[in-house]
Amino acid sequence: MIISRQLTRLSLAGVLAAVNVAASAQPNEATADIRRTSFGVPHIRADNERGLGYGIGYAYAQDNLCLLANEIVTVNGERSRYFGPTQLTVEERENQVSDVFFTWLNTPQAVAACWQAQTLPVRELVEGYVAGFNRSLKETRAKGLPPQCQGEWVRDITTQDLVKLTRRLLVEGGVGQFAEALAGASPPQAGAAQVGPPASFQVASTRLQRFALDRGSNAVAVGSERSFNGRGMLLANPHFPWVGGMRFYQMHLTIPGQLDVMGAALPGLPMINIGFNQHLAWTHTVDSSKHFTLYRLQLDPKDPTRYLLDGNSLPMTRQTVTVKAKTADGQVQPMTREVYSSRFGPVVQWPGKLDWDSQFAYSLRDANLENDRVLQQWYSMNRATSLGQLQASVHKIQGIPWVNTLAADDQGQTLYMNLSVVPNVNAAKLAACSDPRAGLQMIVLDGSRSECAWDVDPQAVQPGIYAAADLPQLLRKDFVQHANDSAWMVNPAQPLTGFSPLISQQEQPLGLRSRFALERLQALAKGRIGAADLQRMVLDDEVYLAGLVMPDMLQLCASGQGTDAQQLTAVCSSLKAWDRRANLDSGIGFVHFQNLMQALQESPDAWRVGFDPQDPQHTPRGLRVDEPQVAETIRGAMLASLEQTAKMGLNEHSRWGDIQVASSGGQQTPIHGGPGTLGVYNAIQSVPRSDGRLEVVSGTSYLQVVTFDEKGPHAQGLLAFSLSSDPQSKHSRDQTEAFSRKKLSVLPFTQQQIEADPQYRVERISEGDGR
């Protein structure tokens, strides 16, 4: 039943009263009100968790049915069966590799154990979600499924499917990055063909390096000492993929008297991941902590499938993974693969990095494989009524997988927590059990000694991880901020130091987005910070790195360019004219600047002032353009950039909005923002297209700015890629256009705000109606 604003208050009351009477006859059936406002945002209200989940699943299927159906096929390891083994997933992973990995990850035993560990409210949310999604699927199927998901692979979902989606989310920061290495691992001279060809490992290596970029984030929480009204404020600016299984969904969830929370959630999750309620707002940023370690196994000289532990030869366990794959003639045939594991975890093989030969092999232990608490964790955060309650829930449950948490409340407090699931390996054990030449980018421990296993702290919820009390956290009344660096400089007034390198590393160069945020916040120190100030941090599109190097770059331009002067004058002119921002109307100088900085990444000595751990906010900076080698590198990069932009069809009149776009339904929207590696707070990742343009694939996703007064929260925000992934939906690009115009909208939270929305409509659904 759909009720629009055209109904009078009297008739609306009568209809709802009649529906309430009818609903009361079936008290055990899930019932929910889905109230839609501008941009189609659903505000879902129900009397209990099952009803709430029912409404969430139904609404999500209305907007993203094909997306979730595709992800269900993925996490069930069925892509090869329906689409062929050599086709690629959204993440550019071969289907056969993806299928082997997820069949290994989501065994019936692991899924059942995870489901049994869920609390009753979480189970009811999930069960309701399944029922609601399936009802919407049935209704859509009767009308005709969208073209992008017509096929036998689209089916009713189950609670097990949503558990598998959750487990996929958990390992995104660990073994999920090693799917090719797990699926392709085989003993030396075994004669078995590797699943993943060398090219797939090149893609995997790029994906691993881009993990923090594609799933990065900015966050600022401002407290009473700095906010305009003495209450808390929060900027949430997660940078997540614009397509696929990590695409946020915007919604508002209400159980009267128990729950009232608004924000964004990942596909298949019946709760808010990032959002706000009556008393507090919170967000997450991908952390720099380690969530897995590798173990180098000393192999038995007689058998490469046995390894030595404390002098004893132990057999690796073997798990036969069977995947069904469609052949060229359309037949479906089984494909088997053996996955080997030590007591530390699965064996992974990465050619040239983690080789399995007659002497060594490598196992990977992912702490989040045992984390069955993540859904309970987020639901507890949704229900928190104070900052202290939120913090206490994370201490108790320890379910946050691989992100930091920043929060602010209506009392003017701010909180930073790096309370994710981290292997318990202290600095002493790391020194005794790892090769220092390997560095700290990827932790490799000695798998031949049991003393190198993770320590067990009885205060930790899960064996082998750090207890919450031993992880970085900071409560302040001025501000905390984070942009994917370590916990060290969350607030320079109170550096967080002394932690295991697996948790947080100090005295390391800060990322440019962190330096930008600290500079902005300190520049505002003389006055109070308002919501507009937080919005401008993102929407100003300042390229922070330009301020550090452009004076030297232009000095080089002014010094003469020798025999290449005529060609390089065009680059120098465009750099001088560029506004040093990533706005839609920013000139081609921004493209040249990106190319020059990419070339200089290979020249670590190009900085005029190197990094100083005593001054991390202002170093490194400047370019040594007076050094002939640095000058020559820049000139060479200028010539290369001229050639590249010409191939892209660009000229001196090109603007950034002509180049970087988001496509949906055959239409393109110009997108501002740029690479976070350049210090663009509005970090946007885009990839080249065949027509010379750049297609946005990740970056600013759900954006919210929340303030509080005596009546509660006031929020503005948007979902940059829009609510629906269906190109035919009217909500597939409406918020994208608003983002392109830098226009945030009020997020209606109270009943009065919701009903006053010009696009307000309400639909009541019940399981009885569905049948």
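Everything below is about the structure shown above.
Report on the accompanying structure. Since the model is a prediction, treat every value here as computed from it, not as a measurement.

**Let's talk about the overall build of the chain**
Across its full length, the chain carries 23 helices and 31 strands. Relative to the compact-globule value of 28 Å for 771 residues, the chain shows a C-alpha radius of gyration of 27 Å, a close match. Based on the C-alpha atoms only, the size of the chain along its principal axes is roughly 85 × 70 × 55 Å. Going through the 771 residues of the chain one by one, you find that 59% of them count as buried. Considering only intrachain contacts with a sequence separation of at least 6, the fraction spanning at least 24 residues in the chain is 69%. Carbon together with sulfur atoms contributes 49% to the accessible area of the chain, which is approximately 30300 Å² in total. Charged side chains in the chain number 69 positive and 75 negative. The centres of these two groups are separated by 3 Å.

**As for empty space enclosed by the protein**
Vacant regions in the atomic arrangement are exposed by a probe of water-molecule size rolled over the atoms. Scanning the entire structure with this criterion turns up 10 cavities of 30 Å³ or more. Looking at the second largest cavity, its volume works out to about 110 Å³. Lining the second largest cavity we find Leu 169, Phe 240, Phe 248, Leu 266, Asn 273, Ile 274, His 284, Trp 378, Pro 401, Trp 402 and Val 403. Of the residues contributing to the lining of the second largest cavity, the split by class is nine nonpolar, two polar and no charged.

**Regarding helix α11 (residues 374-383)**
With seven of its 10 residues buried, α11 lies for the most part within the structure. Burial in α11 covers these residues: Val 374, Leu 375, Gln 377, Trp 378, Tyr 379, Met 381 and Asn 382.

**Section: the state of the cysteines**
Taken as a whole and assessed by the stated rule, the structure comprises three disulfides. Between the sulfur atoms of Cys 433 and its disulfide partner Cys 452 the distance amounts to 2.1 Å. On the sign convention where negative means left-handed, the S-S torsion of about -85° between Cys 433 and Cys 452 marks this disulfide as left-handed. Taken together, the positions of Cys 433 in helix α13 (residues 427-433) and Cys 452 in the loop between β19 (444-446) and β20 (473-476) put the pair 19 residues apart, joining distant regions of the chain. Across the pair, exposure class does not vary: Cys 433 and Cys 452 are buried alike. The disulfide partner of Cys 557 is Cys 572, and the S-S distance across this bridge is 2.1 Å. Residues Cys 557 and Cys 572 are joined by a disulfide whose S-S torsion is about -85°; by sign, that bridge is left-handed. Linking Cys 557 in helix α16 (residues 544-558) with Cys 572 in helix α17 (residues 565-577), this pair joins segments that are 15 residues apart in sequence. Of the residues examined, Cys 557 reaches a relative accessible area of 16% and is grouped as buried.

**Points about the packing of aromatic side chains**
The final tally for this structure, using the stated rule, is 20 aromatic pairs. Taking 5.1 Å as the distance between ring centres and 75° as the angle between the ring planes, the aromatic pair formed by Phe 101 and Phe 102 counts as edge-to-face. Each member of the pair, Phe 101 together with Phe 102, is buried. Each ring, one from Phe 178 and one from Trp 350, has its centre 5.6 Å from the other, and the planes form 80°; the classification is edge-to-face. Of this pair, Phe 178 sits in the loop between α7 (159-170) and α8 (179-183) while Trp 350 sits in the loop between β15 (345-348) and β16 (360-366), and the two are 172 residues apart along the sequence. Trp 350 gets classed as buried once you look at its relative accessible area, which sits at 4%. Put simply, the rings of Trp 578, Phe 590, Phe 593 and Trp 656 touch in pairs and so form one group of aromatic residues. In this arrangement the basic side chain of Arg 296 is found over the ring face of Phe 360, its NZ or CZ atom lying 4.1 Å from the centre.

**Overview of unusual backbone geometry**
Cis geometry marks the peptide bond from Thr 619 to Pro 620, where omega comes out at 0°. For Pro 620, the location among the structural elements is in the loop between β22 (607-609) and β23 (621-623). Here Gln 398, not a glycine, exhibits a phi torsion of approximately 50°, which is positive. Following the sequence through the fold, Gln 398 ends up in the loop between α12 (387-397) and β17 (403-409).

**With respect to the pairing of strand β4 (residues 217-222)**
Of all six residues in β4, six are buried; the element is thus mostly enclosed. With burial as the criterion, each face of β4 is covered, one bearing Ser 217, Ala 219 and Ala 221 and the other bearing Asn 218, Val 220 and Val 222. In this sheet, strand β5 (residues 233-241) lies alongside β4 in antiparallel orientation, the contact comprising six bridges. From the neighbouring strand, Ala 219 faces β5, where its bridge partner is Ala 236. Summarising the sheet, β4 and strand β21 (residues 479-482) pair through four bridges and their orientation is antiparallel. Looking at β21, one finds that Ala 221 is bridged to Val 480.

**Here's the deal with the side chain of Arg 764**
Looking at where Arg 764 falls in the secondary structure, it is placed in strand β31 (residues 761-766). Overall, Arg 764 belongs to the buried group, its relative accessible area being 15%. A polar contact is formed between the side chain of Arg 764 and the side chain of Asp 33, at a distance of 2.6 Å.

**Description of the packing of α16 against helix α18 (residues 589-600)**
To describe two helices that pack against each other, one gives the angle between their axes and the distance between the axes. For the pair α16 and α18, the least separation of the axes is 12 Å and the interaxial angle reads 90°. With respect to their mutual orientation, α16 and α18 come out roughly perpendicular. From α16, Leu 545, Ala 546, Val 549, Met 550 and Met 553 reach across to α18, where they touch Phe 593, Leu 596 and Met 597.

**Side note on the nonpolar core**
Phe 593 and Met 597 are the most contacted members of the largest nonpolar core, which totals 226 residues. Here this core gets 15 residues from one element, more than from any other, and that element is helix α2 (residues 49-75). Not counting the four nearest positions on each side in its chain, Phe 593 is found in contact with Val 543, Leu 545, Ala 546, Val 549, Met 550, Leu 575, Trp 578 and Leu 678.

**Section: the pairing of strand β2 (residues 31-36)**
Among the six residues that make up β2, six are buried, leaving the element largely enclosed by the rest of the structure. Burial of the side chains of β2 extends over both faces: Thr 31, Asp 33 and Arg 35 are buried on one face and Ala 32, Ile 34 and Arg 36 on the other. Sheet topology places β2 next to β31; six bridges connect them, and they run antiparallel. Looking at β31, one finds that Thr 31 is bridged to Ser 766. Inspection of the sheet shows β2 paired to strand β3 (residues 42-46) by five bridges, in the antiparallel sense. By the bridge assignment, Arg 36 is partnered in β3 with Pro 42. Here β2 folds back onto β3 in antiparallel fashion, the turn holding five residues, of which Phe 39 has a positive phi close to 70°.

**Description of the pattern of salt bridges**
Two side chains of opposite charge can pair, provided their charged atoms sit close to one another. Within the structure shown, the criterion is met by 26 salt bridges. A salt bridge links Arg 168 to Glu 91; the nearest nitrogen and oxygen atoms lie 3.1 Å apart. A residue pair is termed long-range when its members are at least 10 positions apart, and Arg 168 in helix α7 and Glu 91 in the loop between α3 (79-83) and α4 (95-105) qualify at 77 residues. A salt bridge links Arg 168 to Glu 172; its shortest N-O distance comes to 3.5 Å. Since its relative accessible area comes to 12%, Glu 172 is described here as buried. One network of salt bridges, with partners in common, ties together Glu 71, Glu 91, Arg 168 and Glu 172.

**Quick word on the environment of Thr 140**
Tracing the sequence through the fold places Thr 140 in helix α6 (residues 120-143). Judged by relative accessible area, Thr 140 falls into the partly exposed class, the value being 22%. Considered as a pair, Thr 140 and Leu 390 are 250 residues apart in the sequence and their alpha carbons are 39 Å apart. Excluding its chain neighbours within four sequence positions, the residues that come into contact with Thr 140 are Leu 65, Leu 145 and Pro 146.

Basis of the calculations
- Residues numbered from 1 in each chain as written.
- Predicted model: local features only at pLDDT ≥ 70, side-chain atom pairs only at ≥ 80, totals over all residues.
- Heavy atoms only, no water.
- Helix = DSSP H or I, 4+ residues; strand = E, 2+ residues; numbered from the N terminus.
- Rg over C-alpha atoms; globule rule 2.2 N^0.38 Å.
- Buried < 20%, exposed > 50% of the residue type's maximum accessible area, 1.4 Å probe, protein only.
- Contact = heavy atoms within 4.5 Å.
- Areas by Shrake-Rupley, 256 points an atom, 1.4 Å probe, with all protein chains shown as cover.
- Lys, Arg positive; Asp, Glu negative; His and termini not counted.
- Charge placed at Lys NZ, Arg CZ, Asp CG, Glu CD.
- 1 Å grid on protein atoms, 1.4 Å probe; cavity = no way out; pocket = protein on both sides within 12 Å on 5 of 7 lines; lining within 4 Å.
- Points joined across faces, edges and corners; volume = space filled by probe spheres on them.
- Nonpolar A, V, L, I, M, F, W, Y, C, P; charged D, E, K, R; others polar.
- Disulfide = S-S within 2.5 Å.
- Phe/Tyr/Trp six-rings, centres within 6.5 Å; stacked < 30°, edge-to-face > 60°.
- Lys NZ or Arg CZ within 6 Å of the ring centre and 35° of its normal.
- Pairing = 2+ DSSP bridges.
- Polar contact = N/O pair within 3.5 Å; in protein donor to acceptor, adjacent residues only side chain to side chain.
- Axes fitted to C-alpha atoms, helices over the stretch in contact; angles between N-to-C directions.
- Parallel < 35°, antiparallel > 145°, perpendicular 65-115°, else oblique.
- Core = buried A, V, L, I, M, F, W, Y, C linked by side-chain atoms within 4.5 Å.
- Salt bridge = Lys/Arg side-chain N within 4 Å of Asp/Glu carboxyl O.

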